[in-house]
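# Results of the structural survey
Single-letter residue listing:
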Amino acid sequence: MENYVCTVCGYIYDPAEGDPDNGIEPGTKFEDISDDWTCPVCGASKDQFEKE
Amino acid sequence: MKNYIIIGNGAAGATAARKIREADSEGSITIFSAEGDPFYYRPRLPDFIAGIVELPKITLQNSDWYASRQIDLHLGEMAAEIDSSAREVRSEKGEVFGYDALLLATGARSFIPPVPGTDKDGVYALRTFDDARSIAAQAEKVENAILIGGGLLGLEAGYGLTRRGLKVKVVEFFDRLLPRQMDLAGAFKLQKMLEEMGFSFYLGARAKEIIGEKAVERLALEDGRVLEGGLVLFSAGIRPNLDLAQQIGLEVDKGVKVDNRLMTSQEGVWAAGDLIEHNGRVYGIWPAALAQGEVAGTNMAGGEALYQGTLMSNSLKVVGVNLTSAGEIDPEGKLPSAVFEAEGGYRKIVLVEGRMAGYIFLGLTRGIKECQAALEQETDVSSFLEEMKEGEFDFSKLIQ
């Protein structure tokens, strides 16, 4: 599974860790996160992420 | 159909708009914003000053985003007046809008201390994109800048200027950097690192007067020293924007008082972001404003969400250098501790009665997770006191 990086603030989404505070379980692939999820650090939308 | 009005389009206001639209596809949403730019990531303004990012790169929701969601965004047009009994807002242009739910998300402004001469050209504080544009334009013309306030945000802004090639003279009231995050030795290490980047420091000093004909030319300090510089940047904290809240008689202390749903003392009026006081706390930080915007937006649209406060992160970047500290940092260096110092790095682990009590990692990251685990479990690490002073220490030993 690949990491994705937020192009606005630099936060890295690591599928192994997920984003449990926002309901994304560890082990969730970036592609499987719902489209209304936003960057937990800056609030950027999912389409503002790039493969690391 | 419900009418929503949001005053302010920063982290809280823009996030609330998104949440309202997710929950209510029909309602009318109107936003007033003092700024001329749509929702952007304020913490990266120093990078704009440095000349390494442009506005589109740090824009979080552009004008198309609002238009495609039928959100009526009034940029550069603030709400002038609220009539909360009639549930109406009058804009600066004199138009009147009715509302069922109103969100005050007016944020905060930079505090400028009462130093004579702040009205001269070339004196700034960094808060908005317009501020950043003005500072960047002035930075083109001068070689020396004076930064008043050496806290985290000030140093970040100063770092933007040093990366543009300016010399930055920092005037700080405390006699050391970052007293809350760093012990004395660590603060001194950080200062050395910053000096290599183009900063110089005037610690334990106070600004007395900004001098110059029409534009700033120099700054006089209380102790008699005079600093040359064609740009003065204040970084002396922020103050919540409370005018509209006070105008309609909301309960206000340090900030606008809200309950856990982020409703103010008046039914139908909500507040989120840097202007609010929740459980006695005024946060003034980005992640808190995002979380509050989500809660307020959800509740305004008829949902049920509670704000439970925001944890302050203990990990941050100072001018590109990682700094993580937690627990007892032993600011004066009086407790047993394992200190390791290297080129570009500083690490300190503090023990109280043999147990892991706190740590500082500057420019180093290996071992933070293990130290945090040992801190949470109050692990007895006394047998590793000497070993932990070695750069190569195997931190997995702490969690076995």
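Our structure's up above, just so we're on the same page.
To keep things clear, this report deals only with the structure shown in the data block.

So, how was this worked out
Residues numbered from 1 in each chain as written. Chains lettered and ligands numbered in written order. Predicted model: local features only at pLDDT ≥ 70, side-chain atom pairs only at ≥ 80, totals over all residues. Heavy atoms only, no water. Helix = DSSP H or I, 4+ residues; strand = E, 2+ residues; numbered from the N terminus. Buried < 20%, exposed > 50% of the residue type's maximum accessible area, 1.4 Å probe, protein only. Pairing = 2+ DSSP bridges. Axes fitted to C-alpha atoms, helices over the stretch in contact; angles between N-to-C directions. Contact = heavy atoms within 4.5 Å. Buried area = accessible area lost by both parts, 1.4 Å probe. Salt bridge = Lys/Arg side-chain N within 4 Å of Asp/Glu carboxyl O. Polar contact = N/O pair within 3.5 Å; in protein donor to acceptor, adjacent residues only side chain to side chain. Nonpolar A, V, L, I, M, F, W, Y, C, P; charged D, E, K, R; others polar.

Our focus in this paragraph is the overall build of chain A. Assigned secondary structure in chain A consists of zero helices and three strands. Shown N-terminal to C-terminal, the secondary structure of chain A runs as helices and strands in the order β-β-β. Taking the principal axes of its C-alpha atoms as reference, chain A extends roughly 25 × 20 × 15 Å. Taking all 52 residues of chain A together, the buried fraction comes to 44%.

Residues and elements named next belong to chain B. Here five strands make up an open sheet; going across it, the order is S11-S18-S12-S13-S14 and the pairing parallel. Only two strands of the sheet have a single neighbouring strand rather than two, namely strand S11 (123-125) and strand S14 (199-203). Within this sheet the neighbouring strands show an average axis-to-axis angle of 25 degrees, counted without direction. Where strand S12 (residues 144-148) lies against strand S18 (residues 231-234), four bridges are found, and the strand directions are parallel. Residue pairing for S18: Ala-145 is matched across the bridge by Leu-231.

With that out of the way, let us pick up the interface of chain B and chain A. In this complex, chain B contributes twelve residues to the contact, which on the side of chain A involves twelve residues. In total, about 900 Å² of surface goes out of reach between chain B and chain A, with carbon and sulfur atoms giving 44% of it. Ranking the residues of chain B by area buried against chain A places Tyr41(B), Lys57(B) and Leu60(B) at the top, with a combined share of 43%. Seen at the junction of chain B and chain A, the total is zero salt bridges. Joining chain B to chain A, the criterion identifies three residue pairs in polar contact (both at pLDDT 80 or more). Among the elements that make up the side of chain B that touches chain A, the one with the highest residue count is helix H8 (residues 286-300) of chain B (three residues). Tallied by class, the residues present in the side of chain B that touches chain A amount to five nonpolar, one polar and six charged.

Right, let's talk about the pattern of salt bridges for a bit. Between side chains of opposite charge, a pair can form as their charged atoms come close. Within this structure, the stated rule accounts for 24 salt bridges over all chains. The partner of Lys51(A) in a salt bridge is Glu2(A), and the shortest N-O contact between them spans 3.8 Å. Residue Lys51(A) is located in strand S3 (residues 49-51), and its partner Glu2(A) is located in the segment before strand S1 (4-6); the two are separated by 49 residues in the primary sequence. By relative accessible area, which is 44% here, Glu2(A) ends up partly exposed. Close ionic contact of Arg127(B) with Asp274(B) constitutes a salt bridge, the shortest N to O distance being 2.8 Å. One end of the pair, Arg127(B), is in the loop between S11 and helix H4 (129-139); the other, Asp274(B), is in the loop between strand S21 (269-271) and strand S22 (276-277), and 147 residues separate them in sequence. Here Arg127(B) and Asp274(B) have matching classes, each one buried. Three or more residues joined by partner-sharing salt bridges are found here, namely Arg18(B), Lys19(B), Glu22(B) and Glu294(B).

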